[in-house]
Structure formats: structure tokens, C-alpha cells
There are 2 protein chains.
Amino acid sequence: MIKKYVFGQPVCTDAVVMNIPESGDAFSVMELTESDGVKLCCRMGERDVVYGLGEQVRGMNKRGFSYVSYATDDSIHTENKHSLYGAHNFLALARKSRETDSGEGGSFGIFVDDPGRVVFDVGETKHDQLVIQAGGDCVIYVIEGEDLKDIVRQFRRLIGRSYLPPKWAFGYQQSRWGYVCQEDVREVVRGHHGQGIPLEAVYLDIDYMENYKDFTVDGEKFPAFGDFVDEMKGQGVHLVPIIDAGVKIEKGYPVYEEGVQKGYFCKDEEEGDFVAAVWPGRVHFPDMLNPEARAWFGENYKFLTDQGIDGFWNDMNEPAIFYSEKNLEKVMDEVISLKDENLDIDSFFHMVEIVTGLSNNRKDYKSFYHNMNGEKVCHDKVHNLYGFNMTRAAAEAFEKLMPEKRTLLFSRSSYIGMHRYGGIWTGDNESWWSHILLSMQQMPALNMCGILYTGSDIGGFGSDTTEDLLMRWLEFAMFTPLMRNHAAMGTRRQEIYQFERIEDFRNLIRLRYGLLPYIYSEYMKAALSGGMYFRPIAFDYPEDAHADQVEDQLMIGESIMIAPVYVQNAKGRYVYLPEEMLMVRMRSLEDYASEAMDKGHHYVETDLNELVIFVKKNRVLPIAAPDRDVKTTADIEDAPIIWFGFIETAAEYVFYDDDGISRNPVPEEKWKTVTVRKEDLAC
Amino acid sequence: MIKKYVFGQPVCTDAVVMNIPESGDAFSVMELTESDGVKLCCRMGERDVVYGLGEQVRGMNKRGFSYVSYATDDSIHTENKHSLYGAHNFLALARKSRETDSGEGGSFGIFVDDPGRVVFDVGETKHDQLVIQAGGDCVIYVIEGEDLKDIVRQFRRLIGRSYLPPKWAFGYQQSRWGYVCQEDVREVVRGHHGQGIPLEAVYLDIDYMENYKDFTVDGEKFPAFGDFVDEMKGQGVHLVPIIDAGVKIEKGYPVYEEGVQKGYFCKDEEEGDFVAAVWPGRVHFPDMLNPEARAWFGENYKFLTDQGIDGFWNDMNEPAIFYSEKNLEKVMDEVISLKDENLDIDSFFHMVEIVTGLSNNRKDYKSFYHNMNGEKVCHDKVHNLYGFNMTRAAAEAFEKLMPEKRTLLFSRSSYIGMHRYGGIWTGDNESWWSHILLSMQQMPALNMCGILYTGSDIGGFGSDTTEDLLMRWLEFAMFTPLMRNHAAMGTRRQEIYQFERIEDFRNLIRLRYGLLPYIYSEYMKAALSGGMYFRPIAFDYPEDAHADQVEDQLMIGESIMIAPVYVQNAKGRYVYLPEEMLMVRMRSLEDYASEAMDKGHHYVETDLNELVIFVKKNRVLPIAAPDRDVKTTADIEDAPIIWFGFIETAAEYVFYDDDGISRNPVPEEKWKTVTVRKEDLAC
């Protein structure tokens, strides 16, 4: 049951799709105070767990820290960061302490639909207090249900169906900030194909553009771009260009000229077009919250789709700001005034602070404005909607430009609601072992918020990767819908053919393609029915007393659990089985073995090149067993399906499949139920 | 057996104390190349483990990363940092793969006595290659032995006896960058005593000085400082002031004037006194490598010891540099030249980089010089000796100033050799759960290098702590010789009386005092016999096939193993027992229970307020059971000793104790061997 509460004069965020009436009941699951905005407070029992909040640091259980919804371009994802790129204001408090701590009521979910700054203090200040602080103008939805899965399902109905990517978007993809010309891209394709490694897409980071101008292609580095797109398609490789939020200020650049002329850019305090800077230096920000401007921005993607592009990543849309023109002037003057001074602890750190504080400064976000249906709205109040609406701009344009086809689309910044238009990647992570775990912990939290098409930069974006890190990361990313290896300029090259254990890497990527029938089926079912593709163990085993404690295993789809290794030099790990399961150990699509394991704690040895999955009791999973070398998802379309499973006599599996490209999915009543008997199992 | 190899014209570092002859044998354990400096290379088998390197990031097994010995003031200790504050060039390669990878020979230790930049690529570039790159002038010691313990023991004989702190230095200590006046300190003492929490020392960070000038006390904030020291001593509390490396340039300030006049400061390229800046702005660096200057700097501590101070921490002695005068001018000019430009990706990041790059810039380290016995030596070549010799300056002075007494002394920067003069703390960590684990992993690596008196800032220095983080951290720090809660200005107050679970905290601190007879006994035995107080499990159980894999448990002294909880919200953890052990679970000195546990893997539930230790077979440990409230270590001097143990009939324990303050320890032949019978055990 969902109850809706409206406070003040909220803007319409379009986060939800169901128009439900305001509740007449008093706000009950948390204590409400309305003085300085809306404040909600409740006690948490010792064993209660809080799940959700999407893209944030720390564990699946969010207790013990405070999280601030304020989309931020911060590339150092350490434990003390309160904000990352997205704002996902939905959490579920799982009451596990009812026996001992009476009086708190049952579990509930809460969605704070406020696109400004919202703080979730989940027991940071006081271990047993959950405190939510929102602005004065917001809508709050409270959801009670049978269990966590039910609460999430209700919430997902409220916010609408998740984005459906094309099937090719589940293939293996390669990216690097540093492929600066056609030949670089060709080399990457050759590098993979030469080693028999499947490859579905190569990404174009900011260098493909002419001086970082959106909707341009540098004609010297990428001459005859349309032909090059075709050449790559001929090899089965999609090119996926980046689009940035800021539009370069440059006389004669049509996107800039048209935006100025039509008044489609965000305004500053003096009604001029707000000037910030990103890659190209000074830019204006298209007013993504103005429906007309949004439509206009979206139409510009046509420049690239006309040349055969069918996938995009939208970046820098928090929006990231290197500096605002006004603040830069101020800071410059202040720095100059310090010349020849004896800079001590105060003045020196002040100088460093104002220079580093030029970027992503909240004062700048408070100094520009949107035109929301004629109303002038300060950006700070609706900050978290920007990336959402940039991606919506693209998605709504694609519906017109390519009405039959799904496109690949994901974004760095997001807000709940954007999940209907595209996915996200988890931004600029690092080549850190701890970031494999962080990624594992973020996935179910994102799924709760409807964001299903997601993954982290495999191998790590910043810092130098190592062969073992990359391999262990791939073993987890084997299951993320977005499976993309991406790295920053200046770091060690991390395409898998750069390393020595090519055969192991090839086997792992081929395993991904083998697992695709299951991954795609489970993704689509989750998207179409409002389910979670990734779930904490405790969601599936709510009565298991230990399941809440498991922070490094995941349920994936209806049939399996994974327990990836994410510690350097580890040759195994502890795994908790909440019931008897079948462990399947795979070295390749041809080399695997299985073993039934009892409920309980186990230490499982796992060699660096082994993928281990755990199949639930009475469950099966379909695996493609292609009889030829696989280069892309197209090559598994007609591959024979074999079944892995853990069954006594037979089990049913709802096997979703489609052509992978049509916008309209197969309706639920036509989903295929397959009965698999024990004797049909390959493993 | 130790073999010594000399390359080029090495400076005398005083790292070692044994004068052994140069080996006539060819260099054998690694392949040697002498072209661009000294390069050593060897293959590592799949299961080989590398231990050592002291204060560095990542696991106990150092494989999979490269470590750069170049002392650096970097406060963000993430997985990608190649250098921290110290330089500890000793590692041991444990050959575990002999059966499968033949031809590599046995385990060995290697010490690269080169105080300049040294790189240890422990399988980062290539998973199976260990590559050490030193300068052309260095001494290398290769140690082969029976096992890891033996290799370490030989190395420790080579480098001399570790520092002996006074017993009070093992008590609970409180620090904060932010106690700016007497009343702040009194409040901290009252805060602890008011709650019955023992307290041994309060630290004075940089604010006690007059404008950050070494060997001054701000007379307004700390009037009649000597009286205040006495007042605190009356309450059992030692005051421990900080001393910084840089001496403020200020006319009339005697330390500055005298240093200039006597030529005791490091010189720049034009033979002037080198100008850098730290807290007070412009400073000179005393030439700690010039024996006369070192003696002079040391004598200055008298100003504080005369007022009753008997403990110090030496900081900023990498030496940290906020900026050099020359580079600041250059950067300022460059920033000014950018005014009114359109700063884009290149120019903007360049500007931020040169400003943030002002600090701890290697170019500055290459631009100043030492006078080493008349020879002019570029700082960069001997960079890692600076902190060592600052601390040696103090220690050598204390020998004269207080010839009978031990003093508390530890440093931020260090090099092997400094372990004879003082300890270290592990610098500016963060209130991160991962930093509990990092600290656990650093301890045995530091012990290998002789650094026994050490610990990390409990609760974390940077960022806001939480009650649960602080409590779990205390449960590990229970066993670190230096047990100090320290936090940065601007972070949440983290004295334990600021939180709600005061009783649990009090019990934990009291447990530390109860465990002190064991901790002190084991520390002193390790120091006096060249042993390790903290050991990886694999050091004690070399034949155990799983022990190498255990990165989060430690052997402490001869009787126990610990397995602290370091994951937020965890109510237990997996523990590996390499043999049958007795698990003792303690909630307080009065409330404990034990249980024998089998060899193998276990999941152990551990409430937030529980200290769990594992007692080895046939071992015992002495515990103080004071019959009155404990305020300081003095209160346990005459407390009855009770014994915990895991014995069948009886066991012997070598119980070291002394008056805790005399410089001369009890000679080994007089150490007391106690026989404890099963019926004598309290638990």
C-alpha cells in the first residue's frame, strides 16, 4: 500500500507515473517535523537493516553513515563521500528486531520526491536513529508491503517500467578516454578479434569531437565518419559516442547559436545565459527542464544517428562545472592579491581551497535558473533533475528518430524517473579492489530504484589496473547488464589483449556470451515486471537470520547466486549458502564441474581464471552453447541452448527472449515457460 | 646468513649496526643489472608471498602493486598510493611454490639500504616478476634463513635493538588537532575521569606553539606552562607536544637566529638557506644529516623537558613542504598569466595542477642540500633519512638530558634505523572501516623492519567517525603498543566520552589496562630479542597451506591470535584457526567466557562491545585484575595477576616486567619464567 504526502509547492519531477491521491492519514511510519523543511525521524532496532539509496558508497546495509542526494562529479569514491553522481531517494527499512524492540511497526519503503538537496542520516549521528531532511516542497511516498520484494515491486509500479536496452548492449564493450582517431579504434577491434575475443562496441570519449563541441565530429581524426561507423558495423562493432551537457560558446557553432537565439540555455541572475566551463572552456547549459529546450537538444542527436550511431553515453550532466566565469574572476583576483605574501597555514590552504573549490561549487548551482513551463526556478532546488532530463531529451528524440528500434543509452547523473529512459554507469571509479565490492553493493540498491541497465568501469577508470584485478573484476561484471572495460587517459592500457593470460580472458568473455540467454531473460523479466535483477541475499531469504550480514554475495535473476572474489591474491573466499545449492565452477564454456553444497558457511577455493556460480534448489538456467566462434551477440542468436540446474526431477523456467531490438517487448502472457527435466541438464 | 653487496659510493645511512664484510660471492637470489642504477629481478611462483616494506598500502602479501620508497606527506591512503610517510626497504620473499615452480631457490630477505627513491614492483607490471630498482649508490643485504621468523631475526640483529618506550606509553592516550588552550586539555581530562575512563596522556598539536614556532609555547593560551604540566601530571596525565621539522623565519626568534648564524639549515642552490613553507609560512629546514646541526636541534627540546615534558611526536619530517619560495613565485606568475583566458581542459587542469602541485613537489626536494660531514649532498638522494635523523636528534639529546629515563618519542616519517630511536604513528588516516584493516596489515610489516612502537589514529584522523567505527577500531587498537585516539580539526569530536555507549567504551579501555602485563611483556621481549610482536599467521604456521591467505588476523606475542571485526554493521566474521585454540570473549575485566575451537574455518559472532581473542595451544597470558578503579598504568603496577590459558596440565611463560621507566632493561638471563598450572587459570 502506497501513501502519498504532499508538502509545500513541489515542482513536478516526473519521477512517478501513477497519479495516486494524497493520503488523508497522518504521517505514521516516521515522526514528522515541518520547521526547517521536512524532517522525518524514526528509531532503528539493533538488527534493523536499511537498503536502497542507489548510487552511494558503503555497504548494502546503509546504516552508519549519512548520504546526501546532490548529484556531484566526484571521482574519488571513498568511504567518506556523501554524494556521487546520482540522487536516488528511495530506501527500505527492514524491521528485523521486532521481537526485541517492540513498538516500531513493520518494514516500509520511503521515496522522497525532492530534486533538491536531501540528507539521509542512517544512524551516523546516532546509531539507532534514521533521520531524513528534505526541503519544504516535496512529495513523500510511504510504501508498506508483505516483504522487501513486495515493497520494491510496489515502488517500481509507481515509477514506471525500466529502460529496455537492445540485446547487443549486453555484449562485451571496450572504452578508453584516449582513443583519439579512427586508427585507434581499428587497433582496438583488431586487438580483440586477433585474439578471438568477442567485442560488441567501442566507445568514443570526448576526443572524437571537434574542440569538445556536442554533435560535431573531428573531420581530421575521423574523416567520413558515417563510412567509419559502417566499417565498424561490418565487423559487428557499434560505436558509442559521448555527449556532454555543456554547449561550447563559439560564434558560428550552430548548436550554440540556435540555443542562444531561442533562449534555450539556463539563465544567470541577470537574465543572461549562464556561463560555466567544462572541457572546451566556456559553455552554456541547455535548459533540460524546459520541455521545448529539451526537445531541441534531443533533436541534435540526429546528427549522429543519421550516420548510423545507435548508442550514446551522456556525461558531465550533474552538471559538472570546472568553474563559473564569475567565480573564476573572483578567485583569480584573490590569488593575485596573495602574491608576495608569506602564505601560512591559513592563507596557503585558503588559496588551494578556492582554486580546487572552483569546480562543482554549490554557490554556482545556486546562481542559475531554469524555465519550467514559464516559471523561473533556481537550479539548486531542482539540481538532481538535470542529468535525468538530458537523458530524457535523447530518449524522447530517439522515439521519434528511430520509432521501431531500441537504442543504447546511459547517463552519468540520474534521478529516479530517468530509469525509464536509460541506464547509468557508476562513473569514474578506480583500479581498486575495494571498488569491485563497492560495485557489487551498488547494484541491488540501483535496482531497487528502477535502474537496471548499469555496471561499473571494469578494471577501474582511474589508476593503473593489474592483470589479476581485471580478471577478478570481469568475473563479477560477467553479470552486470552493462559490461564495459573503461579507463582514463594516462593510466595503463587495460584492453584485455594487453595482458598475458589471453586465453583465460577469452574464456571469460566467451562465458559471458554463453550466459547471455539467462542474463537477458532475467534482465527483461525484471524490467517488465518491476523486479530486481540483482538482490541482496536477505531479499530472497527473509527468514534467514544470517542473510542480512552477507554484504558480498548477490542473487542474480531467479536461479543463481554469485560470490565473487574481490581481494588481491586471494585464492578463494568464504561463501554463505542460505540453502542447499549447486556450485558450478567454470573455466570455459566447455570446461565446468558442479558440486552440491549444504546450507551454511563454506570456504570456496577459486582460481584466478574460474567463474563460480551457485544454482538455487529447483532452479535451472539456459546457456548458449555456440558451435562456432562468437564475435557478437548475433552469433549466439541461433546457438543451441543447454541447461544447468539443481533439480530432483524437473523444474520450470520462464524463458524470456525476443529479437533484441524492437521497441515492443513480448507481452507477459506470451512468455515461454520451459520444463526442464533432470536428464536434460548439461550440468 | 647475511650477505652484503656494495654498489657505487653509498652514503652512510646508519641503518645497520653490524659491520659485516662485503660478500665475495656473486649476487645470486635475484638477477642483477647495473645500468641505470641497480636493478634486481626475480620470478615469483604462483603461491609465493612477499611480506614487508613497512608503512605502505595494500595487504600483508604485497604482491600485485608497486611501492615507491620516497617519504611523502599524503593524507589519502587509498589503494593507488605508492608512497606514504616512511621508507622501509626490507622485504621477504616466501617461496611457497617450490614443488611446482622449480629453480627459484629458497626464501630470502632483502634490504636495500638506499635513502633515495627506490621502487619495488612486486608483480604489478608482470604478475610473476619482482623487480627492485634502486639508485647506483647503495648497499644491499641478502638474508637467507630457516624460515621467515629466522630471516627477520637475522635482519633485526643487523639493524639493532628497537626503541624502548616507557610503560606509561602503553596506556590510553587522547589527541586532537584542535585542543588550543589549557582549558581544552582540562576538559578532555575531566571528560575521561568523569566517566571513570583511564587516561595516560593528552597530545598537544600545533596550536600550543606561538605562531607554530618550534620550542615555544603560546603564553596566552598556555600561561605558566610548567605549572600546567605539573597539574596534569598530578592527575596522572602526560602532555605530549608536537615538534615540526621546519623552523619559522622570524627575526629575533632564537632558534631561527642561531640556526642561521651557525649555518645549521639546509642550503639552496645558491648556498643560501633554503626557503620552504609549512604551518607558519616560510621556514628553514635544520640539516638533520649534519651531526652538529642535529645535536643543536636536539638540545632545543630542553626548553620543554625542563618544564616536565617527557614525550614528543615529531611531525612534518618527510619533510612536508607546502611550497618552496621559488616555485610559489613561478606558479603565481603562471596563474596570473591565465587571467581572462578561456580556460579549457588543458589550461584549467594545468592551473589546478600547478597550484595543488606546489606541495611536496619532488623538484623542490632536488633543489636543496645537506652538509654530511663536509660533503654537499642533494636532499633528493638522501630524502628518506630526514625524519629518521630528526627523531635521532631528539633521542640523542634525551640520552644526555634524561640519562636515566625512557621518554616517549615517535615520528611521522622514518627509515630503517630510526626504529632504534623511536616509534612511528601511521599518519593521517581517515575514519574509514578499510583503515582498520589497513592498520592491521601494516603492523607486522612495520615490525619486520624493527618498528615496534606504533599504532594508527584510532577512530580515524580525517572525516567524521561514528560510534561503531570507534568501538571496533578500539578492539583492534587494544593490542597496538601506541593506543591513541586522534582526529583532525573540523571533524566530529571523537573522544570516547562524546558517545552514548560509555560503559562499553570504559570496559574496553579498562580491558587494555588488564591486558597490559601481557602486551608490555611481549613488546619488550620482541624489542630485546629482535622478534616480532605482530605476525602474520603464516609466520607461525609455515606449513599450513591456508595461512598465507589470511590477511585479517594477527598473531600477537607468543600466546594469542586476534581476528578483529572491521566491517560496518557486521555482527561477526569468519576466522581461520591454524590449530585448535581457546576463544575468549570479553565484555569487561569481570565478564568473560571461553570455548575451545577446532582447527579450521569458523564464523564467529561478535557483538559490538565484545573483545575476542584466541589463545594458542599450551600458551597462557598474564592479565592484571586490579581491585580498584584504574586511571593510569601506575594503578596496575601492584594489581594481582590472573592467568588465561589453553593448557592441558601446565605451561611456562617468560614474563618480562620492569619498572617501566629506567633506560636499562632487565637482562635476558633474568627474565622470569612462570609455570602456570591448569588449576591456576582464571579462564
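The rules behind these values
- Every chain begins its residue count from 1, and numbering advances along the sequence as written.
- Working convention: letters from A go to chains and numbers from 1 go to ligands, in the order in which they are written.
- Only residues with pLDDT of 70 or above have their local features reported here, since the model is predicted, and side-chain atom pairs are shown and tallied only from 80 upward, although totals for entire chains, interfaces and linings are computed over all residues.
- With hydrogens and water set aside, each side-chain value is computed from the structure's full complement of heavy atoms.
- We place the copies in one frame by least squares, fitting the C-alpha atoms of every residue whose pLDDT is at least 70 in both.
- In what follows, residue pairs with any heavy atoms lying within 4.5 Å of each other are defined as contacts.
- Summed over both partners, buried area is the accessible surface (1.4 Å probe) that two parts give up on being assembled.
- A side-chain nitrogen of Lys or Arg and a carboxyl oxygen of Asp or Glu constitute a salt bridge if their distance falls within 4 Å.
- Elements are defined by DSSP. Helices are runs of H or I of four residues or more, strands are runs of E of two residues or more, and each kind is numbered from the N terminus.
- Relative accessibility under 20% of the residue-type maximum defines a buried residue, over 50% an exposed one, and the middle range a partly exposed one, all with a 1.4 Å probe and only protein chains included.
- Contacts described as polar in this section are N or O atom pairs within 3.5 Å, which, within protein, must combine one atom able to donate a hydrogen with one able to accept it, while residues neighboring in sequence count only if both atoms come from side chains.
- As a per-residue quantity, pLDDT reports the predictor's confidence and falls between 0 and 100.
- The criterion for strand pairing is that DSSP finds at least two bridges linking the strands in question.
- What counts as an axis is a line fitted to C-alpha atoms, over the stretch in contact for a helix, and the angles between N-to-C directions run from 0 to 180 degrees.
- Residues counted as positive are Lys and Arg, residues counted as negative are Asp and Glu, and His and the chain ends are not counted.
- Roughly parallel means an angle under 35 degrees; roughly antiparallel, over 145; roughly perpendicular, 65 to 115; everything else is oblique.
- Residues are sorted three ways: Asp, Glu, Lys and Arg are charged, Ala, Val, Leu, Ile, Met, Phe, Trp, Tyr, Cys and Pro are nonpolar, and all the rest, Gly among them, are polar.

Draft legend 1. Spatial organisation of the relation of the copies chain A and chain B. Overlay of chain A on chain B (RMSD 0.0 Å): rotation 180 degrees, translation along the axis 0.0 Å. When the rotation and shift are considered jointly, the pair of chain copies conforms to a two-fold rotation axis. Distance from the rotation axis, computed per C-alpha, reaches its smallest value in chain A at Ile336 of chain A: 3.2 Å.

Draft legend 2. Region of interest: the interface of chain A and chain B. Contacts between chain A and chain B engage 68 residues on the former and 69 residues on the latter. Carbon and sulfur atoms supply 55% of the area that chain A and chain B bury against each other, a total of about 5900 Å² over both sides. Ranking the residues of chain A by area buried against chain B places Ile345, Lys571 and Tyr574 of chain A at the top, with a combined share of 11%. Inspection of the chain A/chain B interface yields 6 salt bridges. Lys339 of chain A is paired through a salt bridge with Asp333 of chain B; the nearest N and O atoms lie 2.9 Å apart.

Draft legend 3. Structural view of the pattern of salt bridges. Within this structure, the stated rule accounts for 110 salt bridges over all chains. The residue Glu270 of chain A makes a salt bridge to Lys326 of chain A at a minimum N-O spacing of 2.7 Å. Taken together, the residues Glu270 of chain A in the loop between β16 (267-268) and β17 (276-278) and Lys326 of chain A in helix α7 (residues 325-337) connect sequence positions 56 residues apart. In this structure Glu270 of chain A comes out as exposed when scored by relative accessible area, which is 55%. For Asp638 of chain B, the salt bridge is made with Arg628 of chain B, and the minimal N-O distance between the two is 3.7 Å. Here the residue Asp638 of chain B occupies a position in the loop between β36 (619-624) and β37 (641-646), and Arg628 of chain B occupies one in the loop between β36 and β37, the gap between them amounting to 10 residues. Assessed through its relative accessible area of 57%, Asp638 of chain B is described here as exposed.

Draft legend 4. Here's a closer look at the side chain of Ser559 of chain A. Residues and elements named next belong to chain A. Inspection of the secondary structure assignment puts Ser559 in the loop between β29 (554-556) and β30 (560-562). Residue Ser559 is classed as buried on the basis of its relative accessible area, which comes to 0%. At a separation of 2.6 Å, a polar atom in the side chain of Ser559 contacts the main-chain carbonyl oxygen of Val620. Aside from chain neighbours lying at most four places away, what touches Ser559 is Tyr518, Phe614, Val615, Lys616, Arg619, Val620, Leu621 and Tyr653.

Draft legend 5. Just helix α13 (residues 467-477) of chain B, in detail. In terms of residue burial, α13 of chain B counts as a mostly covered element, since 11 of its 11 residues are buried. Listing the buried residues of α13 of chain B in full gives Glu467, Asp468, Leu469, Leu470, Met471, Arg472, Trp473, Leu474, Glu475, Phe476 and Ala477 of chain B.

Draft legend 6. Structural detail: the confidence of the model for chain A. Summary statistics for chain A give a mean pLDDT of 97 and a share of 99% for residues scoring 70 or more. On the interface metric, ipTM, the complex scores 0.97, and its pTM is 0.98.

Draft legend 7. Layout of the sheet that holds strand β2 (residues 31-35) of chain B. Residue and element names in this part refer to chain B. The 5 strands are arranged β2-β3-β10-β9-β5 in an open sheet whose pairing can be described as antiparallel. In the strand order of this sheet, the two ends are held by β2 and β5 (65-69), each with one partner. Direction aside, the axes of adjacent strands within the sheet are offset by 15 degrees on average. Note that strand β3 (residues 37-43) and strand β10 (residues 129-134) share 6 bridges and pair antiparallel. Paired with Cys42 across the bridge in β10 is Leu130.

Draft legend 8. Quick peek at the sheet that holds strand β21 (residues 368-372) of chain B. All names here are of chain B. Taken in spatial order, the 3 strands of this open sheet run β16-β21-β22, and their pairing is antiparallel. The sheet is open, and its two edges are formed by β16 (267-268) and β22 (375-378), each paired on a single side. Pairing of β16 with β21 involves 2 bridges; the strand directions are antiparallel. From the neighbouring strand, Asp268 faces β21, where its bridge partner is Phe368.

Draft legend 9. Layout of the environment of Ile451 of chain A. Residue and element names in this part refer to chain A. Looking at the element boundaries, Ile451 is found in the loop between α12 (434-448) and β26 (454-455). For Ile451, a relative accessible area of 1% translates into the label buried. Sequence-distant contacts of Ile451, defined by excluding residues within four places in its chain, comprise His88, Ser414, His419, Ile424 and Leu446.

Draft legend 10. Seen up close, unusual backbone geometry. Residues and elements named next belong to chain A. Backbone torsion omega between Glu318 and Pro319 reads -5 degrees, so that peptide bond is classified as cis. Mapped onto the secondary structure, Pro319 falls in the loop between β19 (311-315) and β20 (323-324). The backbone phi angle of Glu271 is positive, close to 70 degrees, even though this residue is not glycine. Examined against the element boundaries, Glu271 turns out to sit in the loop between β16 and β17.

Draft legend 11. Here's a closer look at the environment of Cys12 of chain A. Tracing the backbone shows Cys12 of chain A in the loop between β1 (2-7) and β2 (31-35). Along the sequence, Cys12 of chain A and Ala276 of chain A sit 264 residues apart, while their C-alpha atoms lie 26 Å from each other.

Draft legend 12. Spotlight on the side chain of Glu551 of chain B. All names here are of chain B. Within the secondary structure, Glu551 is located in the loop between α15 (537-540) and β29 (554-556). Buried Glu551, no salt bridge; nearest opposite-charge side chain is Lys62, N-O distance 7.6 Å. Reaching out from Glu551, the side chain makes a polar contact with the backbone nitrogen of Met60 at a distance of 2.5 Å. Only 3.2 Å separates the side chain of Glu551 from the side chain of Gln441, close enough to count as a polar contact. Aside from chain neighbours lying at most four places away, what touches Glu551 is Gly59, Met60, Asn61, Leu437 and Gln441.

Draft legend 13. Spotlight on the packing of helix α12 (residues 434-448) of chain B against α13 of chain B. Residue and element names in this part refer to chain B. In contact at an axis separation of 10 Å, α12 and α13 are set at 10 degrees when each is read in the N-to-C sense. Relative to α13, the element α12 lies roughly parallel. Mapping the contact onto sequence places His435, Ile436, Ser439, Met440 and Met443 in α12 and Leu469, Arg472, Trp473 and Phe476 in α13. Of the residues contributing to the contact of α12 with α13, the split by class is 6 nonpolar, 2 polar and 1 charged.

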